[in-house]
Structures are given as structure tokens and as C-alpha cells.
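Fold and geometry: a report
Listed below, chain by chain, are the residues.
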Amino acid sequence: MSLLTRRRLLRRAALSATAARAVRTGLAGAAAAGTVASAAVAGCDDTPGPAPEGGASSGALRFPPDFGWGAATSAYQIEGAAKEDGRGESVWDTFSRTPGRTRNGDTGDVAADHYHRYAEDLDLMRDLGLRSYRFSISWSRIQADGSGRPNQRGLDFYRRLVDGLHERGIAPMATLFHWDLPQALQDAGGWENRDTAERFGAYADIVFRALGDRVPAWLTINEPKTVVQNGYLSGHHAPGRQDPAAAYLVAHHLQLAHGLAVRALRAAGVEGRIGPALNLHPCYPADDTAEAAAATRLYDGYENRLYLDSVFTGAYPQDVLADLGADSRMVRGIRDGDLAVIASPVDLLAVQYYTPIYVTGQGTTVRKWPTSGAEWQQIYPEGMYDILTRVTRDYGPIPLTITENGLPCPDTLAPDGTVDDTARIDFLRDHFAAAHRAILDGVPLESYHVWSLLDNFEWAEGYDQRWGLVYVDYPTQRRVLKRSAHWYRTVIRNNGL
Ligand code: GCO
């Protein structure tokens, strides 16, 4: 268990008071031990890049025909309308309303008010030329308490949304769970309780039967690893626990829930494709010692193989299981047949790439690259290439979609009504180019969803970090296309850079 207690890379850790507490209690050892090789924050500087329109139209990098240029959001981060139309409470309502949990005490009560402004947002997507839109469905809008009869008004909202996407020629990609577990299920044990996975399968069945005729692509659980690491190790995400033993039992139940949803789709006879949405981190040794190589291997197990091997090979990685120990709650919680459920054949894999990880021989992490406005994010486009090619090499030619990639910038609305986020353009250009190179090298990448369509509620960071292509002026809820949005429209129109 030694590495288990010191190896954590805790995303967003250094920026959150709760995480700072975790660092003090030793749970965030990796984050605490991280050293900054370069102090520059290059991702969000104001250095002007090439003119965006010109930069996008050189025609140098063409993507495959019908490439799914898109953008992504999630329910709690944009919808607001927290108490409307029969929506129940989720763990994020509880967490964000608890003093001290989020920056400035921000909550998703109003967020980007997308629940009321979805038609305007759909028009924005059409204006950008998006071909695909990835969003998530709020479980507690569909089942206020996480079980029982569905709430028709909740289903109707998503029906209007997907119909509106089709009317505008945009393919919907729906995530079933993006962290907003109904509070009633949390009260019954949350993801520590195996029954939550069964509840998730039942919820998925409701959604498939209601929307399955209109949604061609489904994602099951968004970033199970983040629930594990941020929700149950550092505690700076809902439900705010710091319990390593519980964390990996949660990892197992989240994956079981994934598999049950895949089976529910097939059982419902719905045509759509389905797969997991995993945030993958390419892990590199921080130096060329044998110790760093070994530590990196195990780190990779916790960051990547724990969630990939299970789905694609039907087995958890042995080194991770050994590190957890046979008496761990996770290992004891695995029942006969679970891995077969988790490994139910999927149609696609959604990859979310933000940052690489560099691991020392002691199992701590160091930074090698400049960070963005999010302290945990090192800007390294090559990592995108590495993770995409690695997944294809190790798990076969499964169709891939990038469902998140982006960065936060200190965007401001200028008096002339523009938002000049040149750094976002530079970032996306470099990452698009890395993805393009992966495609040339045989990676079956079908689509790319920038995180995010809109500025939104960035979890523990509240509204402090702006990740959108579209600026949201929260007091008025006015939307303003940032310079990057105009640039992205040209990329889409040209199908490349
Ligand atoms: C995640 C989530 C998003 C975040 C984004 C930026 O990957 O953490 O899916 O909800 O907002 O990643 O941190």
C-alpha cells in the first residue's frame, strides 16, 4: 500500500483549500512534492499568435472527411435550474452549498442558465459549424432520488435538446453520468454501495428507451478516475471524502455501472454506439533511473490501465491489484462475473487528454512543462499523440473520440465586445496537429470535442476558471464568441489547419 498513499496526482489540488488540507494530511503527496521545472505560465499569456483566420486556412493539415468537430459540456456545469421541473438534488448541489467547498462559495444553481437558454446555445453551435455536441444528462432530472419512475419533464428537456441538435445538423453525443449522483443514492452509500451500480443500469435503461432513437453515441461514466481521486482521495470534489480504502471500491463499482449500462443499451435494442469516457494521462519517468521507470509503470496502472484493461481485456492490472492488496475493500468487492460485465463489448472509447505526468523513482511527480491557468495542467501536445497511439497499440483499433481537451485562460471581455484568447488558439492548434499526426499513424480517431463550448462552473474552482470557446457574462448571461471560437469555425469549415 505504500505507493498508494503517496502517489496521488490530485488535479486542481494546489488551488483548493480542501486539497491544501489533503496535502497536509499526506493524501496529496504527489501534488505536494511536485517541483516546477519551468515557472513560466505559457499557456495563457497574451503573446499574439498568427492571425487566427489565416492560420486556420493554410490547408496544411486536412482531417478525414466527416471528421466530427465538436465541443463538450456537462449538465451540472452549465444547466442551472437546480430546482425546476422536478429535478432532485445531486451530490454537487450538496457539496457546492457547503461553506468552504468551492471557490467563492460558487454553486451550479444558475451556472450558464443553459436549461432556459438551450435554444440560443444550439444556435451558437450551428453558427460555429459544430458537427458533434457532447453533453451530459442529469440523473436527478430523470429520477429525482436516483430510482423509481422517470420524471417526464426531465426527459422532455433532453428530447428538446437532441431534437434541436438534429434540426441544426449536429450529432448528439450523450454522457449518462458526469459526477452529479442523486443525493438520495449518496445517502444510501453512494458509489461505495454496489446497489448504486444497479440503479445506474436502471436509469440508463430509462434514458435509452426515451432518447435512443435520437442519440447515435452514448458515453457511460465520465472520468471514473476523477471521482476516485478527487471525490474519495483528496476530497476536493463531491462527496468530499478522504478515504483511500473506499476510493478503489468506488472505482470498481463505477466500472460495474459502466458495464451494466452497456448491457442495458443492448437489451433495449437501441442502435446507438456506446463506450466509456476516460481521462488518460501519459506517464513518463522523470529521469532515466530504473526506479523512475518502475514507479512510472505502477503510476500508469493507477492512472490508465485500471480503467482500460478492465474494459478491453476483462482483467484489472495485476500490479495495481497487488499494490492495493488482497485484503483491500476493492479486491474483496470484486464478485464472480463482474469483470465480464465490465468488459461487455463497447463500440468506441472516449479519450480526455489534458496533461502528462512525470514520475520520480520515489513515486512523486514533477512538472516539466509550463502550466495553464489550471495549476495541474502542463501544456504538452505531444502527450495527446502518445496517448492516442498507445491506446491503439495496446488495445487494438477501437474507434476513438476525443471528448475533452482545452485549457482555462484569464479571458476578459474588452470594451469593444471582443475576447482575445490567443493562447487558446495556440493550444488547440498544437493539439489538433498532434491528433492529426496520430491519425496519419493509423489511429482511428473520429471526432474531437473541445472542452468547453461555454464558460461554466469548474467544480471546486467555481466560475474562476474560464474554459469556454464562448464567453459567458454571468451577470447578464450574455454569450460572446471568443477569438478562439471564430478561429475554430474556420478550422471546421476547412476541415483542418
Ligand atoms: C473533467 C471534467 C470537466 C472539467 C474539465 C476541466 O475532465 O474534469 O470532465 O467537467 O470541467 O476537465 O477541468
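We now turn to the structure provided with this report. (Residues numbered from 1 in each chain as written. Predicted model: local features only at pLDDT ≥ 70, side-chain atom pairs only at ≥ 80, totals over all residues. Heavy atoms only, no water.)

1. Remarks on the overall build of the protein chain
Each helix and strand in the protein chain was counted, giving 20 helices and 13 strands. The burial tally for the protein chain puts 64% of its 497 residues in the buried class. Nonlocal contacts in the protein chain, meaning residues at least 24 apart in sequence, comprise 77% of its contacts between residues at least 6 apart. Summed over its atoms, the accessible surface of the protein chain is roughly 16,500 Å², and 52% of this surface lies on carbon and sulfur atoms. (Helix = DSSP H or I, 4+ residues; strand = E, 2+ residues; numbered from the N terminus. Buried < 20%, exposed > 50% of the residue type's maximum accessible area, 1.4 Å probe, protein only. Contact = heavy atoms within 4.5 Å. Areas by Shrake-Rupley, 256 points an atom, 1.4 Å probe, with all protein chains shown as cover.)

2. Examining the packing of helix α12 (residues 224-232) against helix α14 (residues 290-313)
Contact geometry for α12 and α14: axes closest at 10 Å, N-to-C directions at 140 degrees. Accordingly, the angle class assigned to the pair α12 and α14 is oblique. The element α12 and its partner α14 pack so that their crossing is right-handed. Residues P224, K225, V228 and Q229 of α12 pack against Y302, E303, N304 and Y307 of α14. Among the residues making up the contact of α12 with α14, the classes are represented as four nonpolar, two polar and two charged. (Axes fitted to C-alpha atoms, helices over the stretch in contact; angles between N-to-C directions. Parallel < 35°, antiparallel > 145°, perpendicular 65-115°, else oblique. Left-handed = near helix turned anticlockwise from the far one by under 90°. Nonpolar A, V, L, I, M, F, W, Y, C, P; charged D, E, K, R; others polar.)

3. Describing the environment of Y354
Tracing the sequence through the fold places Y354 in the loop between β7 (349-352) and β8 (357-359). Measuring from C-alpha to C-alpha, the distance between Y354 and Y380 comes to 8.4 Å, with 26 residues separating the pair along the chain. In this structure the side chain of Y354 is engaged in a polar contact, spanning 2.5 Å, whose partner is the side chain of E404. (Polar contact = N/O pair within 3.5 Å; in protein donor to acceptor, adjacent residues only side chain to side chain.)

4. What about the pattern of salt bridges?
Summed over all chains, the structure comprises 39 salt bridges. Note that D411 and K482 form a salt bridge whose closest N and O atoms lie 2.5 Å from each other. Note that D411 is positioned in the loop between β10 (400-404) and α19 (422-440) and K482 in the loop between β13 (478-481) and α20 (483-494), a separation of 71 residues in sequence. On the basis of relative accessibility, which here comes to 0%, the residue K482 falls in the buried class. In this structure, a network of salt bridges that share partners links the residues D411, D421, R424, D455, R466 and K482. (Salt bridge = Lys/Arg side-chain N within 4 Å of Asp/Glu carboxyl O.)

5. Some remarks on the packing of aromatic side chains
Aromatic ring pairs: the centre-centre distance and the angle between the two ring planes describe each pair. Per the stated rule, a full pass over the model turns up 39 aromatic pairs. Ring geometry for F312 against Y395: centres 5.8 Å apart, planes inclined by 50 degrees, an arrangement best described as tilted. Here F312 is found in helix α14, whereas its partner Y395 is found in helix α18 (residues 382-395), with 83 residues between them in sequence. For the pair F457 and W459, a centre-to-centre distance of 6.2 Å together with 75 degrees between the ring planes defines the contact as edge-to-face. Exposure class is identical for F457 and W459. Each is buried. In textbook terms, an aromatic cluster arises when at least three aromatic residues are bridged by ring pairs, as seen for Y76, W92, F95, W179, F457, W459, Y463 and Y474. In this structure, R437 is placed above the aromatic ring of Y385, and the distance from its NZ or CZ to the ring centre is 4.0 Å. (Phe/Tyr/Trp six-rings, centres within 6.5 Å; stacked < 30°, edge-to-face > 60°. Lys NZ or Arg CZ within 6 Å of the ring centre and 35° of its normal.)

6. Some words on the sheet that holds strand β6 (residues 283-285)
The sheet built from three strands is open, its strands ordered β6-β8-β9 with mixed pairing. Of all the strands in the sheet, just β6 and β9 (365-366) have a single pairing partner and so form its edges. Judged from the two bridges that link them, β8 and β9 form a sheet pairing that is antiparallel. Across the sheet, residue Y358 finds its bridge partner in β9, namely V366. Contacts from α14 reach β6, β8 and β9 within the one sheet, and its direction differs from that of β6 by about 170 degrees. (Pairing = 2+ DSSP bridges.)

7. A look at the nonpolar core
Membership of the largest hydrophobic core comes to 137 residues, with the highest contact counts inside it found for W191, W218, L388 and F432. With 13 residues, the single largest contributor to this core is helix α13 (residues 244-267). Leaving out residues up to four positions away in the same chain, F432 has contacts with F63, W69, Y448, V450, W487, Y488, V491 and L497. (Core = buried A, V, L, I, M, F, W, Y, C linked by side-chain atoms within 4.5 Å.)

8. Focus on helix α7 (residues 114-128)
With 15 residues, α7 extends only 17 Å from end C-alpha to end C-alpha; this falls clearly short of the ideal 21 Å at 1.5 Å per step. Where α7 bends most, at E120, the angle is about 40 degrees. Buried within α7 are the following residues: H114, Y115, Y118, D121, L122, L124, M125 and L128. Of the residues one or two after α7, G129 is the one with positive phi, at around 85 degrees. (Expected span 1.5 Å × (residues − 1). Bend = angle between axes of the 7 residues up to and from the residue.)

9. Section: the pairing of β13
The sheet contact formed by strand β12 (residues 470-473) and β13 spans four bridges and is antiparallel. Counted as the bridge partner of V472 is R479 from β13. Here β12 folds back onto β13, and the loop between the two strands holds four residues, one of which, Q477, carries a positive phi near 65 degrees.

10. Here we look at the packing of α14 against α18
Interhelical geometry of α14 versus α18 gives an angle of 45 degrees and a closest axis separation of 11 Å. Considering the angle they form, α14 stands oblique to α18. When you trace α14 past α18, the crossing you get is right-handed. Here α14 contributes D300, N304, R305, L308, D309, F312 and T313 to the contact with α18, which in turn contributes R390, V391 and Y395. Each residue belonging to the contact of α14 with α18 can be placed in one class, and the counts come to four nonpolar, two polar and four charged.

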